[in-house]
Amino acid sequence: MPTSPPAQPRNPLHGLTLETIVSELVAHYGWDGLAERMPVRCFTLEPSVKSSLKFLRKTPWAREKVESLYLFMLREARRSSR
């Protein structure tokens with residue numbers, strides 16, 4: 001009987017797809033804002049969610065930066081709502 005991975009109730013990224021993270025960042029910052037914060041080609045030249053996902057899935061350091069930016073965005077949203 002396979003064991004399921006442990007629940008991660010305190011991990012805000014748990015259960016989110018990379019597509020969801022990128023889409024929410026684009027909705028919040030826009031492509032220009034995202035390119036300003038992370039100057040990588042997939043955000044600066046003809047950006048799209050599809051091309052960004054392709055790049056981020058192949059590039060671990062960029063994916064980590066995107067995830068960190070997403071967590072920063074969540075923290076800022078929490079602060080401003082207080």
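Scroll up a little and you will see the structure.
Residues numbered from 1 in each chain as written. Predicted model: local features only at pLDDT ≥ 70, side-chain atom pairs only at ≥ 80, totals over all residues. Heavy atoms only, no water.

**Overview of the environment of glycine 30**
Now for step 1: Here glycine 30 is to be found in helix H1 (residues 18-37).
Now for step 2: Remark: the alpha-carbon pair of glycine 30 and phenylalanine 43, spanning 13 residues in sequence, is separated by 9.7 Å. (Helix = DSSP H or I, 4+ residues; strand = E, 2+ residues; numbered from the N terminus.)

**Quick look at the packing of aromatic side chains**
Now for step 1: Inspection of the entire model under this criterion finds 2 aromatic pairs.
Now for step 2: With a centroid separation of 6.4 Å and an interplanar angle of 85 degrees, the aromatic rings of phenylalanine 55 and tryptophan 61 are classed as edge-to-face.
Now for step 3: Overall, the relative accessible area of 27% leaves phenylalanine 55 in the partly exposed class.
Now for step 4: Classification of tryptophan 61 as partly exposed rests on a relative accessible area of 48%. (Phe/Tyr/Trp six-rings, centres within 6.5 Å; stacked < 30°, edge-to-face > 60°. Buried < 20%, exposed > 50% of the residue type's maximum accessible area, 1.4 Å probe, protein only.)

**Digging into the packing of H1 against helix H3 (residues 49-58)**
Now for step 1: Across the interface, H1 lies against H3 with an axial gap of 10 Å and an inter-helix angle of 125 degrees. Judged on the interaxial angle alone, H3 and H1 are oblique. Our pair here, H1 against H3, has a crossing hand that is right-handed. Facing Leu18, Glu19, Val22, Ser23 and Trp31 of H1, the residues of H3 in contact are Val49, Ser52, Leu53, Leu56 and Arg57. (Axes fitted to C-alpha atoms, helices over the stretch in contact; angles between N-to-C directions. Parallel < 35°, antiparallel > 145°, perpendicular 65-115°, else oblique. Left-handed = near helix turned anticlockwise from the far one by under 90°. Contact = heavy atoms within 4.5 Å.)

**Regarding the side chain of serine 52**
Now for step 1: Its place among the elements puts serine 52 in helix H3.
Now for step 2: According to the relative accessible area criterion, serine 52 is buried, its value standing at 0%.

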